[in-house]
Amino acid sequence: MTSSAQPPQAEGPGPVPQPGAAPTANSMRRALKRARDGVALDVAEAAVLLQARGDDLDDLTRSAARVRDAGLEAAGRPGVITYSKSVFIPLTRLCRDKCHYCTFVTVPGKLRRDGHGMFMSPDEVLDVARKGAALGCKEALITLGDKPEDRWPEAREWLDAHGYDDTIAYVRAMAIRILEETGLLPHLNPGVLSWTDFQRLKPVAPSMGMMLETTATRLWSEPGGPHHGSPDKEPAVRLRVLEDAGRSSVPFTSGLLIGIGETYAERADSLFALRRVARAYHGIQELIIQNFRAKPDTAMRGMPDAELDDLVATVAVARHIMGPAACLQAPPNLVAGEYGRLIGAGIDDWGGVSPVTIDHVNPERPWPRIEELAHKSAAEGFALRERLCIYPEFVRRGEPWLDPRLLPHVRALAAPETGLAHEEAEVRGLPWQEPDEGFTATGRTDLHRTIDTEGRTGDRREDFDSVYGDWGALREAAAPGMVPSRLDADVRQALAVAADDPTKLTDAEALALLHADGEALDALCRIADDVRRSMVGDDVTYIVTRNINFTNVCYTGCRFCAFAQRRTDADAYTLSLSQVADRAEQAWEVGAVEVCMQGGIHPDLPGTAYFDIARAVKERVPGMHVHAFSPMEVVNGATRTGMSIREWLTEAKAAGLDSIPGTAAEILDDEVRWILTKGKLPTATWIEVVRTAHELGIRSSSTMMYGHVDQPRHWLGHFRTLARIQQDALANNVAGFTEFVTLPFIHTNAPVYLAGIARPGPTARDNRAVTAMARLLLHPHIPNIQTSWVKLGQEGAAEMLRSGANDLGGTLMEETISRMAGSSYGSYRSIKDLVAIAEAAGRPSRPRTTLYGEVADERMAAAHASDGHLPELLPVVGD
């Protein structure tokens, strides 16, 4: 156990430290040598080094300091130690957690007795921020308790009375006011955040943070532990927050709280957990090593403080584990003036220091004066320099780490040559607003045509090695899905159940059928085709539609997507609103009944841009069905505008949105999703968007992209999820999904394939099994199963029509996403082409609307006159 983690005194509960044998002299010598030689440490060696004392500790810190110095040299700031001049704003001291060492959190009654509200008022917040700005502070550290409204009715009442849906909405509002009225940069510490919360807050704060504290689950789960009774302190939950921050490209601060009862092995494990997240997403901008200090009136008041040697050893081990590029901080007000020892152990930052406010988490420990910090740092050979709340590496990285709406605020305070703070910069409020560019046609706007004649400029975007996260870490996570597993099961019994009543298939039987091959697969496809015939008849349906991808600029980091480009890439483009409307009008002239519109998550497009797109099409072609905006785009629009998903969809519907594509689903299993994509919405959020759309009368398709790092068990889970959503919708008299669309993975130019992580798409067996099982497992809830000629070609699509599918999708007129990925089947199909595919399957065909209704005679006449595609020589107006 740690030397500082003694059993608590009788006056209150506390952690129960676990005993552990002291390291042998030989193990210490080996570990120290590996540290000196720069060899990667493992958890056991790190646990040994955490116990270094005396000469061993001096040896350890010397090697750690060398690692730090190499990192500073590489970063272009040798001999520099940084700090942030800040104000501390405790937005609320209410919290739903009950940490046994915390004096920051209080209760409503005490706040009232002391004359305080449940939250700081806007005037109180801005008063602190203005005082900071007047003294040259550049950071507003906003700290608060976790989700107080979930525990305290008084917090809920305050939020309701002031017009905020939740605490995060108030945090967002105050961050905007601080930016606009004072010029300080908000650094947000609101506790545990969801993926959606990150999307809401990223546009208003350059950086955020949350301490991991420890990965020792027993300190949370066992009675008497420091985190017992605190739902937000479960280590798995906090690690998920760190990962969501990385997925969302949020510069994030985290760290450890040492001496709360963890063992050395647990502390080492916590450091390696932080390294794994940092390696995977490159988003941890700093790591704080904070030593426990016992406080009166807490359950852990009898615990001894973490010893200085313990802190020094932990800093040094953290430096070795995290490496030279990491930024390490130790709070200077918690070390009783022993600054030299921390510098010697490998820190390169002192954190936030305020000339205005106290440290509200450790109010008994005043901040050192900045002049004192500079003097003490100089005595160790380091120059003290001011930074912003967002570290200079992230200032220089720019997109996607810094939202365009924050660029003017950050640039006003940053020294352009270093990314550190411009210490003489005037701190003044600036408008927080959408970028000026809006819808301006830029880049390769003829890509929809030239992708077939000229192809793409290169097989990957220029930031291939950085935008998707760490390929090495992904390779390890994806290894189980690289080779599809096989299953020995009673396929014959499963086929009998499927033929009798597919709704009675158990998961084991369904999984057996998803693995079927040979004669069993043939039998499965015949059964699926019989179910199709009884459900929807023999007609093969298709729709005359045009795809309009209004931009391919995107920084989400989907690793399967070859469509997304940086704004500076040769193949990048954005259409103007008039170009979008022109393309819709051209489609109408040749018989289209629908436009399908999706685009990249362009950082410059405001959340209301989607309304403008829908409105532009409806104004130009009132009769056109607008099928647009994936669930990812819906969330992007909602979080950028500060609306709820329901509010945003309601506005979109009023602007002309008729239905949404059920894309962005990929595989509805986060185990797979987080390999396929860095920053796309999680499964639960996709489901929330789709359910909400259905409730508002906005129908959607449903999709599954398969054949990459997935397994048949993931396909089964995906089908079951879709079936549950549709069953719930139908039970509530909501129409829900229109169809299910199979989307075989196109591997050729997909980043995840180019990096050697994904399989080269599904096999012919996979395609048949997925199509057949979609028919059976979604029966009778989703009657229409669509196959993709874009991805499978004419023969492949015809085979799927014999395996349970009844729909061929659309003529498309233009198709860029699959073609950029490497599909070789072209960008459009004429009506005659689609009819020929149906005939190859021995079936009649007919056109349909988006909602599978009858097509008006006038539309059918226009479509047949043009054969459902644009004349080859028709110019694209405005391109």
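Residues numbered from 1 in each chain as written. Predicted model: local features only at pLDDT ≥ 70, side-chain atom pairs only at ≥ 80, totals over all residues. Heavy atoms only, no water.

Draft legend 1. Looking closely at the overall build of the protein chain. A tally of regular secondary structure across the protein chain gives 35 helices and 21 strands. A compact globule built from 879 residues should have a C-alpha radius of gyration of about 29 Å, and the protein chain, at 29 Å, falls within 12% of that. Along the first, second and third principal axes, the C-alpha atoms of the protein chain reach 85 × 60 × 55 Å. Counting all 879 residues of the protein chain, 63% fall into the buried class. A separation threshold of at least 6 residues defines the contact pool for the protein chain, and within that pool the share at least 24 residues apart is 78%. (Helix = DSSP H or I, 4+ residues; strand = E, 2+ residues; numbered from the N terminus. Rg over C-alpha atoms; globule rule 2.2 N^0.38 Å. Buried < 20%, exposed > 50% of the residue type's maximum accessible area, 1.4 Å probe, protein only. Contact = heavy atoms within 4.5 Å.)

Draft legend 2. The packing of helix α24 (residues 609-620) against helix α26 (residues 645-655), seen in detail. Where α24 contacts α26, the axes come no closer than 8 Å and their chain directions differ by 20°. Between α24 and α26, the angle falls in the class roughly parallel. Two packed elements cross with a definite hand, and for α24 against α26 that hand is right-handed. For the pair α24 and α26, contact is made by Tyr 610, Phe 611, Ala 614, Arg 615 and Lys 618 and by Trp 648, Glu 651, Ala 652 and Ala 655, respectively. (Axes fitted to C-alpha atoms, helices over the stretch in contact; angles between N-to-C directions. Parallel < 35°, antiparallel > 145°, perpendicular 65-115°, else oblique. Left-handed = near helix turned anticlockwise from the far one by under 90°.)

Draft legend 3. Expanded view of the packing of aromatic side chains. Throughout the structure, instances matching the rule amount to 15 aromatic pairs. Ring geometry for Tyr 164 versus Tyr 170: centroids 4.9 Å apart, planes at 55°, classification tilted. Using a relative accessible area of 0% as the deciding quantity, one classes Tyr 170 as buried. Relative to Trp 401, the ring of Phe 394 has its centre 5.2 Å away and its plane inclined at 75°; by these criteria the two rings are edge-to-face. Taken together through their ring pairs, the aromatic side chains of Phe 550, Tyr 610, Phe 611, Phe 629 and Trp 648 make up a single cluster. (Phe/Tyr/Trp six-rings, centres within 6.5 Å; stacked < 30°, edge-to-face > 60°.)

Draft legend 4. View of the packing of helix α10 (residues 235-247) against helix α11 (residues 264-281). Between α10 and α11, the least distance of the axes is 9 Å, while the angle of their chain directions is 15°. Classified by the angle their axes make, α10 and α11 are roughly parallel. The handedness of the crossing between α10 and α11 comes out as right-handed. Residues Leu 239, Leu 242, Glu 243, Gly 246 and Arg 247 of α10 form the contact with α11, whose participating residues are Ala 273, Leu 274, Val 277 and Tyr 281. Counted by class, the contact of α10 with α11 contains 6 nonpolar, 1 polar and 2 charged residues. (Nonpolar A, V, L, I, M, F, W, Y, C, P; charged D, E, K, R; others polar.)

Draft legend 5. Structural view of the pattern of salt bridges. Scanning the entire structure with this criterion turns up 59 salt bridges. Note that Arg 247 is salt-bridged to Glu 243, the shortest N-O span being 3.3 Å. Placement of the pair is Arg 247 and Glu 243 together in helix α10, with a separation of 4 residues, close to one helical turn. With relative accessibility at 5%, the residue Arg 247 sits in the buried group. Accessibility expressed as a relative area gives 27% for Glu 243, which makes it partly exposed. (Salt bridge = Lys/Arg side-chain N within 4 Å of Asp/Glu carboxyl O.)

Draft legend 6. Spatial organisation of the nonpolar core. Grouped together as the largest cluster of nonpolar side chains are 128 residues, with contacts concentrated most on Leu 49, Ile 89, Leu 91, Ile 178, Phe 252, Leu 342 and Trp 350. The biggest single contributor to this core is helix α7 (residues 167-181), with 10 residues. Every residue in contact with Ile 178, bar those within four places of it in the chain, is listed here: Ile 89, Val 125, Leu 126, Ala 129, Ala 140, Ile 142, Gly 183, Leu 184 and Pro 186. Formed by 127 residues, the second largest nonpolar core is a distinct cluster that contains Leu 521, Val 544, Ala 755 and Ala 798. (Core = buried A, V, L, I, M, F, W, Y, C linked by side-chain atoms within 4.5 Å.)

Draft legend 7. Structural view of helix α5 (residues 122-134). If you check α5, its first and last C-alpha atoms are 18 Å apart, about what 13 residues at 1.5 Å a residue would give, namely 18 Å. Within the sequence span of α5, burial applies to Val 125, Leu 126, Val 128, Ala 129, Gly 132 and Ala 133. The arc that holds every buried residue of α5, seen down its axis, measures 160°, which confines them to one face. Pointing more than 90 degrees away from the buried face of α5 are the exposed residues Asp 123 and Ala 134. (Expected span 1.5 Å × (residues − 1). Arc of directions from axis to C-beta.)

Draft legend 8. Highlighting unusual backbone geometry. Cis geometry marks the peptide bond from Glu 399 to Pro 400; its omega dihedral reads 0°. A cis geometry characterises the amide bond from His 779 onward to Pro 780, with omega recorded as -5°. On the secondary structure map, Pro 780 appears in the loop between α31 (764-777) and β19 (785-786). Not every positive phi belongs to a glycine, and Lys 147 is a case in point at roughly 40°. The topology assignment puts Lys 147 in the loop between β2 (139-144) and α6 (153-161). Among the residues examined, Lys 147 registers a relative accessible area of 25% and is labelled partly exposed. Not every positive phi belongs to a glycine, and Glu 213 is a case in point at roughly 75°. By secondary structure assignment, the location of Glu 213 is in the loop between β4 (207-209) and α9 (218-221). Since its relative accessible area comes to 10%, Glu 213 is described here as buried.

Draft legend 9. Here's a closer look at the environment of Phe 198. Within the secondary structure layout, Phe 198 lies in helix α8 (residues 195-201). Since its relative accessible area comes to 0%, Phe 198 is described here as buried. If we ignore the near neighbours within four places in the chain, the residues touching Phe 198 are Leu 193, Met 208, Val 241, Asp 244, Ala 245, Ser 248, Val 250 and Phe 252.

Draft legend 10. Broad picture of the pairing of strand β15 (residues 625-628). Side-chain alternation along β15 places His 625 and His 627 on one buried face and Val 626 and Ala 628 on a second face that is also buried. Bridging between strand β14 (residues 594-598) and β15 involves 4 bridges; their strand directions are parallel. Residue pairing across strands places Glu 594 opposite His 625, the latter belonging to β15. In the classification by handedness, the crossover that spans β14, the intervening α24 and the parallel β15 is right-handed. (Pairing = 2+ DSSP bridges. Right-handed = clockwise from strand over helix to strand, strands pointing away.)

Draft legend 11. Just the confidence of the model for the protein chain, in detail. On average, residues of the protein chain score 90 in pLDDT, and 91% of them are at 70 or above. Segment residues 1-19 is flagged for pLDDT under 50; beyond a separation of four residues in sequence, or across chains, it makes 56 contacts in the model. Note on residues 873-879: pLDDT is under 50 here. Beyond four places in sequence and across chains, it has 18 contacts. (pLDDT = per-residue confidence, 0-100.)

Draft legend 12. Structural context of helix α1 (residues 25-36). Between its terminal C-alpha atoms α1 stretches 16 Å, which fits the 16 Å expected from 12 residues at 1.5 Å a residue. Within α1, burial applies to Ser 27, Met 28, Ala 31, Leu 32 and Ala 35. One face of α1 carries all of its buried residues, which in axial projection span an arc of 130°. The exposed residues of α1 that point more than 90 degrees off its buried face are Ala 25, Arg 29 and Arg 30. The inward-facing, buried residues of α1 abut α2 (43-49), α3 (55-75) and α12 (308-322). Gly 38 occupies a position one or two residues after α1 and carries a positive phi of about 75°.

Draft legend 13. Representation of the environment of Leu 676 in the model. Within the element layout of this structure, Leu 676 appears in helix α27 (residues 670-676). For the pair Leu 676 and Phe 560, spaced 116 residues apart in sequence, the C-alpha separation works out to 5.9 Å.

Draft legend 14. Quick peek at the side chain of Lys 202. Take Lys 202: it is sitting in the loop between α8 and β4. Asp 403 provides the closest opposite charge to the buried, salt-bridge-free Lys 202, at an N-O distance of 6.1 Å. With residues up to four places along the chain from it excluded, the contact list for Lys 202 reads Met 208, Ser 248, Ser 249, Val 250, Pro 400, Trp 401, Asp 403 and Leu 406. (Lys, Arg positive; Asp, Glu negative; His and termini not counted.)

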